[in-house]
Amino acid sequence: MVSGRVVGLDQLTAKRSAVAADGAPLEGMIDGVRFRPTRPVPHEDGTLAEVARMAWDEVSDPIVQVHVTTTLPGRVRAWSVHQTSTDRLFVVVGLMSMVLFDGREHSPTFGLVNEFRLSERNPGLLVVPPNLYHGWKNIGVDEAFVLNMPTKQYEYTCPDALDLPYDSAEAERIVPFRW
């Protein structure tokens, strides 16, 4: 994990209540980000897609909490940063543009943006390490469902989730991505 100052972190407020087929990072992947493509396997009643397995390198930490977030069509949920927790995201339903930005000043990929287009027809487990700006937009026509299996439980009294509104002047100054 890259440590050090995260650009714009002082602008955040506490939140209250491009890989190969084998998952190996391609050139241009943000340092620490991992992605494991999965595939829906058809059967006589529908499909089955694995979300996570302890045998996968992407799930090296125990699963301590699982929650689902829904996002309405056209809506954006960004930018979030976790200082100590890693998010493990999986789009269950919907078509999502999931974007990550490396604002860690001492990272070898400082300033890099990664975008993933994920859906139930193009599934994969996206692992977002601490101190990366991340968010998503529902680019589909129906409500989308995103499953998260963070490495740390949510602390109600002292949340690790920090927000920078995507449409704020600070976000436009810090994050080089426009929804």
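Refer to the structure above for everything that follows.
The following paragraphs examine the structure supplied in this document. All values reported here derive from a predicted model rather than from experimental measurement.

Before going further, it helps to spend a moment on the nonpolar core. Counting 17 residues, the largest nonpolar core has Val33, Met98, Phe116 and Leu126 as its most contacted members. For this core, the secondary-structure elements that each account for two or more residues are strand 7 (87-93), strand 8 (95-101), strand 9 (113-119), strand 10 (124-128) and strand 12 (144-148). Apart from residues no more than four positions distant in its own chain, Val33 is found in contact with Leu100, Phe116, Leu126, Val127, Pro129 and Leu132. Core analysis: the second largest hydrophobic core is formed by 14 residues, Val81, Leu164, Ala171 and Val175 among them.

Now for the environment of Asn148. Mapped onto the elements, Asn148 comes out in strand 12. Spatially, the C-alpha atom of Asn148 lies 9.6 Å from that of Val127, the residues being 21 residues apart in sequence. A polar atom in the side chain of Asn148 sits 2.9 Å from the side chain of Asp87.

Below, the discussion takes up unusual backbone geometry. The omega torsion across Ala78 and Trp79 is -5 degrees, close enough to zero to call that bond cis. Along the chain, the position of Trp79 falls in strand 6 (residues 76-82). Despite not being glycine, Asn131 has its phi angle at roughly 70 degrees, a positive value.

Our next topic: the side chain of Arg88. Among the secondary structure elements, Arg88 is positioned in strand 7. Here Asp61 takes part through its backbone oxygen, which lies 2.8 Å from a polar atom of the side chain of Arg88.

Thresholds, definitions, all that
Counting starts from 1 at the beginning of each chain's written sequence and moves along it residue by residue. Local features in this predicted model are restricted to residues whose pLDDT is 70 or higher, and side-chain atom pairs enter the listing and the counts only when it is 80 or higher, whereas totals over whole chains, interfaces and linings include all residues. Only hydrogens and water are set aside when side-chain values are computed; all heavy atoms of the structure are taken into account. Residues grouped as a nonpolar core are buried Ala, Val, Leu, Ile, Met, Phe, Trp, Tyr and Cys residues, joined through side-chain atoms within 4.5 Å. Buried means the residue's accessible area, taken with a 1.4 Å probe over protein chains only, is under 20% of the maximum for its type, while exposed means over 50%, and partly exposed covers the values in between. The way it works is that DSSP assigns letters per residue, a run of H or I at least four long becomes a helix, a run of E at least two long becomes a strand, and they are numbered from the N terminus. Whether two residues touch is decided by their heavy atoms; if any such pair falls within 4.5 Å, the residues are in contact. Any pair of N or O atoms that falls within 3.5 Å is considered a polar contact. Within protein, one atom must be able to donate a hydrogen and the other to accept it, and sequence-neighbouring residues count only if both atoms are side-chain atoms.

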